[in-house]
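Notes for the structure review
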Amino acid sequence: MKLFVHENQNLAETEVEIRCKERTSEVENLICAINSAANVIIGEKESGDKTRVYLTKILYFEAVDRNVYAYTESDIYKVRKTMYDIEDMVSNEHFARISKSVIVNIRAVRRVSPDSARRLKLQLSSAEWVVVSRNYVEDFKQSIGMKGNS
């Protein structure tokens, strides 16, 4: 595969063109990656400032006391959506629900370890650990390719 990047100051927005002999899984993965890089959610910092947060930068979402937060490597943002809304929004973006209160970015998972009571522990790229509850273990394994579709 060859990659070319050309800067053009006259463009109103970024354009991406993919040329391929056939539409293989590699091409499909590129399309998904490009699409997900443009997906954002509005997050609110503790100061009240609102900002656009790229989904690819989010390590996980967590519901705490009727609020939902998005965690990145360096920041925490309050998100004005329900976990169900977020789950629908990110279902095709490499995220997986791992408990009633957490949705994790699969691409941020660096290590998977067994935990007590048939749970799993996930170490994220930030070195933080999150737990997959036993009710979500099978779905999580399937989403990362550890278990085939049954």
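Before reading on, note that the structure itself is shown above.
Computed from a prediction, not measured in an experiment: that's the story for all the values here.

**So, the overall build of the protein**
When its secondary structure is counted, the protein shows three helices and ten strands. Mapped in sequence order, the helices and strands of the protein form the string α-β-β-β-β-β-α-β-β-β-β-β-α. If one aligns the C-alpha atoms of the protein with their principal axes, the spans along those axes are about 55 × 45 × 25 Å. Burial statistics for the protein: of 150 residues in total, 28% are counted as buried. About 10,900 Å² of surface is accessible on the protein, with carbon and sulfur atoms providing 45% of the total. Distance from the positive charge centre (23 side chains) to the negative charge centre (22 side chains) of the protein: 5 Å.

**Some thoughts on the side chain of Asn 105**
Along the chain, Asn 105 turns up in strand E7 (residues 102–105). A distance of 2.9 Å separates a polar atom in the side chain of Asn 105 from the backbone nitrogen of Arg 107. Ignoring any residue separated from it by four or fewer positions in sequence, one finds Asn 105 in contact with Leu 55, Thr 56, Ile 58, Leu 59, Tyr 60, His 94 and Phe 95.

**Observations regarding the packing of aromatic side chains**
Each aromatic ring pair is summarised here by two numbers: the centre-to-centre distance and the angle between the ring planes. Under the counting rule described, the total for this entry stands at two aromatic pairs. A centroid spacing of 5.7 Å and a plane angle of 45 degrees characterise the contact between Phe 61 and Phe 95, whose relative ring orientation is tilted. Of this pair, Phe 61 sits in strand E3 (residues 60–64) while Phe 95 sits in strand E6 (residues 95–97), and the two are 34 residues apart along the sequence. According to the relative accessible area criterion, Phe 61 is buried, its value standing at 0%. By relative accessible area, Phe 95 is classed as buried at 8%.

**Some details on the sheet that holds strand E9 (residues 120–124)**
With antiparallel pairing, three strands are arranged side by side in an open sheet as E8-E9-E10. A single partner strand is all that each edge strand has here, and the edge strands are strand E8 (109–114) and strand E10 (129–132). Averaged over all adjacent pairs, the angle separating strand axes in this sheet is 25 degrees, with direction ignored. By the bridge criterion, five bridges tie E8 to E9 in an arrangement that is antiparallel. By the bridge assignment, Pro 114 is partnered in E9 with Leu 120.

**Here's the deal with the pattern of salt bridges**
Under the criterion given, the structure shown has six salt bridges. A salt bridge links Arg 19 to Glu 17; the nearest nitrogen and oxygen atoms lie 3.3 Å apart. Glu 17 carries the same exposure label as Arg 19, and that label is exposed. The salt bridge partner of Glu 28 is Arg 23, with a shortest N-O separation of 2.3 Å. Judged by its relative accessible area of 58%, Arg 23 falls in the exposed class.

About the cut-offs
- Residues numbered from 1 in each chain as written.
- Predicted model: local features only at pLDDT ≥ 70, side-chain atom pairs only at ≥ 80, totals over all residues.
- Heavy atoms only, no water.
- Helix = DSSP H or I, 4+ residues; strand = E, 2+ residues; numbered from the N terminus.
- Buried < 20%, exposed > 50% of the residue type's maximum accessible area, 1.4 Å probe, protein only.
- Areas by Shrake-Rupley, 256 points an atom, 1.4 Å probe, with all protein chains shown as cover.
- Lys, Arg positive; Asp, Glu negative; His and termini not counted.
- Charge placed at Lys NZ, Arg CZ, Asp CG, Glu CD.
- Polar contact = N/O pair within 3.5 Å; in protein donor to acceptor, adjacent residues only side chain to side chain.
- Contact = heavy atoms within 4.5 Å.
- Phe/Tyr/Trp six-rings, centres within 6.5 Å; stacked < 30°, edge-to-face > 60°.
- Pairing = 2+ DSSP bridges.
- Axes fitted to C-alpha atoms, helices over the stretch in contact; angles between N-to-C directions.
- Salt bridge = Lys/Arg side-chain N within 4 Å of Asp/Glu carboxyl O.

No statement about biological role is implied by the geometric values presented.
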